[in-house]
Amino acid sequence: RTRDRQIESLTALKWVVKYAAKLQASGNKLMLVDVEKETFEKLASCGALDELGRENVFVSQPTIHASIEEAMAAAESWIAEPKPEGPTDQADHVTS
């Protein structure tokens, strides 16, 4: 479970990037929501933001739930996009 977790170490950062890649390989997506500005800058400076995709990282905003609503809209849009047909590897399917 990754909810309410902070990315404070290099190990955690590597884990998040690997987890995102695993989800992507199985046709899923990881979105980080309510990310503090300092964490966002850390992701950008080490290249992890490029690997995660800027469109999948939502910085916390002064308005309560604003980044969550922004992420929900992006997720709904992504879900509505046509996906390539073909078998998916259910063994790699990860839920949280």
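About the criteria used
- Residues numbered from 1 in each chain as written.
- Predicted model: local features only at pLDDT ≥ 70, side-chain atom pairs only at ≥ 80, totals over all residues.
- Heavy atoms only, no water.
- Helix = DSSP H or I, 4+ residues; strand = E, 2+ residues; numbered from the N terminus.
- Patch = residues over 30% accessible without salt bridge, like charges linked within 9 Å, V, L, I, M, F, W, Y side chains within 5 Å.
- Areas by Shrake-Rupley, 256 points an atom, 1.4 Å probe, with all protein chains shown as cover.
- Salt bridge = Lys/Arg side-chain N within 4 Å of Asp/Glu carboxyl O.
- Buried < 20%, exposed > 50% of the residue type's maximum accessible area, 1.4 Å probe, protein only.
- Core = buried A, V, L, I, M, F, W, Y, C linked by side-chain atoms within 4.5 Å.
- Contact = heavy atoms within 4.5 Å.
- Phe/Tyr/Trp six-rings, centres within 6.5 Å; stacked < 30°, edge-to-face > 60°.

**Q** Could you give me a rundown of unusual backbone geometry, with the residues and numbers involved?
**A** A positive phi angle, close to 65°, is found at Asp34, a residue other than glycine. Along the chain, the position of Asp34 falls in strand E1 (residues 32-35). Of note in the backbone geometry, His65 takes a positive phi value of approximately 70° without being a glycine. Tracing the chain through its elements places His65 in the loop between strand E2 (57-59) and helix H4 (66-80).

**Q** Got a sec to walk through a nonpolar patch on the surface? Specific residues and values, please.
**A** A cluster of nonpolar side chains, namely Val33, Ile68 and Met72, defines an oily patch on the protein surface of about 240 Å² accessible area. Mapped onto the fold, Ile68 is located in helix H4. The partly exposed category is assigned to Ile68, whose relative accessible area is 38%.

**Q** Go over the nonpolar core with me, naming the residues and quoting the values.
**A** One recurring pattern in soluble globular proteins: nonpolar side chains tend to sit buried together. With 16 residues, the main nonpolar core has Ile7, Val16, Leu30, Leu32, Leu43, Leu52 and Val57 as its most contacted residues. Taken together, the elements giving at least two residues each to this core come down to helix H1 (10-25), E1, helix H2 (37-45) and helix H3 (48-52). It is H1 that provides the largest number of residues to this core, a total of 6 residues. Leave out the neighbours within four places in its chain, and Leu30 touches Val16, Tyr19, Ala20, Leu23 and Asn56.

**Q** Give a detailed account of the packing of aromatic side chains, specifying residues and quantitative values.
**A** Applying the stated rule across the entire model yields 1 aromatic pair. Both rings, one in Trp15 and one in Tyr19, keep their centres 4.9 Å apart while their planes meet at 10°; by these two values the pair is stacked. With Trp15 and Tyr19 both in helix H1, this residue pair falls 4 residues apart, about one helical turn. Residue class for Trp15 comes out partly exposed when judged on its relative accessible area of 44%.

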